[in-house]
Amino acid sequence: MKIAENIHRFKGTLPGHVTLVAVSKTKSVEEIMEAYHTGHKIFGENKIQEMVSKWEAMPKDIEWHMIGHVQTNKVKYMAEFVSLIHAVDSLKLLKEINKQAAKHNRVIDCLLQIKIAEEDSKYGLSEEAAESLLQMDELRELEHVKIVGLMGMATFTDNEMQISEEFNTLKNFYDKHKAAYQLHTLSMGMSGDYSLAMAHGSNMIRVGSALFGARNYS
Ligand SMILES: *Cc1c(COP(=O)(O)O)cnc(C)c1O
């Protein structure tokens, strides 16, 4: 009941060009079905196994987004159905996605994760590394993957100035490259910072707790 209400209320306020990825990690199939019955069909998970079991159990018109870090050896489990992989950060991973997608005769859309947070996160590419990846000839040979945009996560802080600067940095980088590489998706913003992210040009937000309530890790 509460989840359906939250989804309706949330989507009511979103501008039309912004896609909502409902982040359902740790939530049960029943809870996600409550969201699904409102007509929402885009869900995000950060663990491949969990996403696979939900995909198996749930209606097949759901678009599943992998928003978490991807281990190369697990790509094969999701290649049949994943609709967007948000956190791609190496050519090695792109090659594996390409190989597994080919087995299913698919082209899998991917976002490059760019490191914008000040905190010492292990994941994400620097702008320089992302630029050189985008320019690689080897990338052009991967016919079963398509880089369609960029993803970033701001520092976890109350300092809105800092969050704004980080989002702004990513937006500028996106604007600089979107025409040349035909990028159309900028995934930034979560429950705590999606308004700021949208103000800075995000067109895809990944929202979990604001829709489903706090997560219970057990
Ligand atoms: C969990 C997660 C989210 C959603 O977080 P909330 O604060 O619950 O909205 C967004 N992006 C990524 C990469 C996540 O892992």
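What this report covers is the structure whose coordinates are included nearby. Every value quoted in this text rests on a predicted model; they were computed, and no experiment measured them.

Here is what the cut-offs are and how they apply
Residues numbered from 1 in each chain as written. Predicted model: local features only at pLDDT ≥ 70, side-chain atom pairs only at ≥ 80, totals over all residues. Heavy atoms only, no water. Helix = DSSP H or I, 4+ residues; strand = E, 2+ residues; numbered from the N terminus. Rg over C-alpha atoms; globule rule 2.2 N^0.38 Å. Buried < 20%, exposed > 50% of the residue type's maximum accessible area, 1.4 Å probe, protein only. Areas by Shrake-Rupley, 256 points an atom, 1.4 Å probe, with all protein chains shown as cover. Lys, Arg positive; Asp, Glu negative; His and termini not counted. Charge placed at Lys NZ, Arg CZ, Asp CG, Glu CD. Expected span 1.5 Å × (residues − 1). Contact = heavy atoms within 4.5 Å. Near = heavy atom within 4 Å. Polar contact = N/O pair within 3.5 Å; in protein donor to acceptor, adjacent residues only side chain to side chain. Nonpolar A, V, L, I, M, F, W, Y, C, P; charged D, E, K, R; others polar. Axes fitted to C-alpha atoms, helices over the stretch in contact; angles between N-to-C directions. Parallel < 35°, antiparallel > 145°, perpendicular 65-115°, else oblique. Left-handed = near helix turned anticlockwise from the far one by under 90°.

## A word on the overall build of the protein chain
Then, number 1: Across its full length, the protein chain carries 10 helices and eight strands.
Then, number 2: Taking 218 residues into account, the globule formula puts the C-alpha radius of gyration at 17 Å, and the protein chain, at 17 Å, falls close to it.
Then, number 3: Its C-alpha atoms put the protein chain at 50 × 45 × 35 Å along the principal axes.
Then, number 4: In the protein chain, which comprises 218 residues, the share counted as buried stands at 50%.
Then, number 5: As presented, the protein chain carries roughly 10800 Å² of accessible surface, and 49% of it is formed by carbon and sulfur atoms.
Then, number 6: Side chains of the protein chain give 25 positive and 29 negative charges; the mean places of these two sets differ by 4 Å.

## Section: helix α5 (residues 91-103)
Then, number 1: With 13 residues, α5 ought to run about 18 Å at 1.5 Å a step, and its terminal C-alpha atoms sit 19 Å apart, in line with that.
Then, number 2: On its buried side, α5 packs onto α4 (75-78), β4 (84-88), β5 (108-114), α6 (127-135), α7 (137-140) and β6 (145-152).
Then, number 3: Just downstream of α5, N105 is the residue with a positive phi angle, here 55°.

## So, the site of the ligand
Then, number 1: By nearness alone, every residue bordering the ligand is listed as V23, K25, I67, M151, M153, M190, S191, R206, V207, G208, S209 and R215.
Then, number 2: K25 places a side-chain nitrogen or oxygen 2.7 Å from an oxygen atom of the ligand.
Then, number 3: R206 places a side-chain nitrogen or oxygen 2.9 Å from a nitrogen atom of the ligand.
Then, number 4: With the chains in place, 90% of the 390 Å² that the ligand exposes on its own is no longer accessible.
Then, number 5: Per-class residue counts for the shell around the ligand are six nonpolar, three polar and three charged.

## Focus on the packing of helix α1 (residues 2-13) against helix α2 (residues 29-36)
Then, number 1: In contact at an axis separation of 8 Å, α1 and α2 are set at 40° when each is read in the N-to-C sense. Between α1 and α2, the angle falls in the class oblique. Pair α1 / α2 crosses with right-handed handedness. From α1, K2, I3, A4 and I7 reach across to α2, where they touch E31, E34 and A35.
Then, number 2: Residues of the contact of α1 with α2, tallied by class, amount to four nonpolar, no polar and three charged.

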